[in-house]
Amino acid sequence: MGGSNLAPVQQLPAAGMLSRENLEDLRVLLCSAGGVQQLLRIAELMPRLVSRCESLESLVRRLKSRCDATDKMFERTVCSGQVLYSQRTLDEYSDDSQVNLTVVVQGLGAPYVNGFPVPPGQKIRLSHSPRPGFTPTKIAVDLNISGGGNNYLDFLLQLFLVPGGVSSATGLEVGSQMRANQFLNKDGTQIHVDFPTYRNCPIDVGSAEQLVLDITNTGAANNLDSAFITLYYDNRLFYALCRKACGCDDEC
């Protein structure tokens, strides 16, 4: 047997392809002190090393797949034809903190009316103009009842998200049906009510959607002469989420 220093381990070719030099390297290793034990330790480690290599190969394949998907996504989103609202428009809306439901939805048929006043037994649907999506936080209601009435209990309010899915003709209900006296005191002062949540989370109104409010006059005498509905949202959060993220300052 040789001295105590171990000979360096050479990489061996595949089985059946050992040259004279490879056989000599193997002989030196086996004849060295502790050579057999070293060879056995290497053999024990091989399955673990192979397993780790296979895991790394699998990880590389997954990362490559994700990178390919990301590349395809960027190819679509960098095209200006795929942009729903320009950054200029988003920045313009970032100064607003409310959306007003002032547009009367037309042509719905009875019992809906196409404009004010709303007689007893009739209803009206109010909406907003098309705009980028937002997340309402509070609702404020103001009603003008004929004859100076304050019978707010006679007016039912129900929010809908339109289109709200293909199976819904009127839209998807948002929150519970409410009465106007939940928003107005007898002296006409407003009560700002928290916007409904869904599954205990805030509800987003998408850019391709509209939030509408149905007001139903269930009274026996007074018309609803006019109404003004305000939806409040956090414009600072809107700007923080919608501003251009370009890795530079806010002027870019």
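Structural data are supplied above this passage.
Everything quoted here is computed from the prediction, not taken from an experiment.

A closer look at the pairing of strand S3 (residues 123-127)
Thinking step 1. Where burial is concerned, most of S3 is hidden: 4 out of the 5 residues are buried.
Thinking step 2. Looking at chain direction, strand S2 (residues 103-104) and S3 are connected through 2 bridges and run antiparallel. In the strand pairing of S3, Val-104 is matched with Leu-126.
Thinking step 3. Across 4 bridges, the pairing between S3 and strand S8 (residues 210-217) is antiparallel. Within S8, the residue paired with Arg-125 across the bridge is Asp-214.

Focus: the sheet that holds strand S4 (residues 136-145)
Thinking step 1. With respect to topology, 4 strands assemble into an open sheet ordered S1-S9-S4-S7, the strand pairing being antiparallel. With one partner strand each, in any of the chains shown, strand S1 (98-101) and strand S7 (193-194) form the two edges of the open sheet.
Thinking step 2. For S4 and S7, the ladder comprises 2 bridges, and the chain directions are antiparallel. Within S7, the residue paired with Lys-138 across the bridge is Asp-194.

Topic: the sheet that holds strand S5 (residues 155-162)
The pairing of strands in a sheet happens through backbone hydrogen bonds and is either parallel or antiparallel.
Thinking step 1. The 5 strands lie next to each other as S2-S3-S8-S5-S6, forming an open sheet whose pairing is antiparallel. Edge strands, defined here as strands with exactly one partner in the open sheet, are S2 and strand S6 (172-179).
Thinking step 2. Note that S5 and S6 share 5 bridges and pair antiparallel. Each bridged residue has a counterpart across the sheet, and for Leu-161 the counterpart in S6 is Leu-172.

Rules used throughout
Residues numbered from 1 in each chain as written. Predicted model: local features only at pLDDT ≥ 70, side-chain atom pairs only at ≥ 80, totals over all residues. Heavy atoms only, no water. Buried < 20%, exposed > 50% of the residue type's maximum accessible area, 1.4 Å probe, protein only. Helix = DSSP H or I, 4+ residues; strand = E, 2+ residues; numbered from the N terminus. Pairing = 2+ DSSP bridges.

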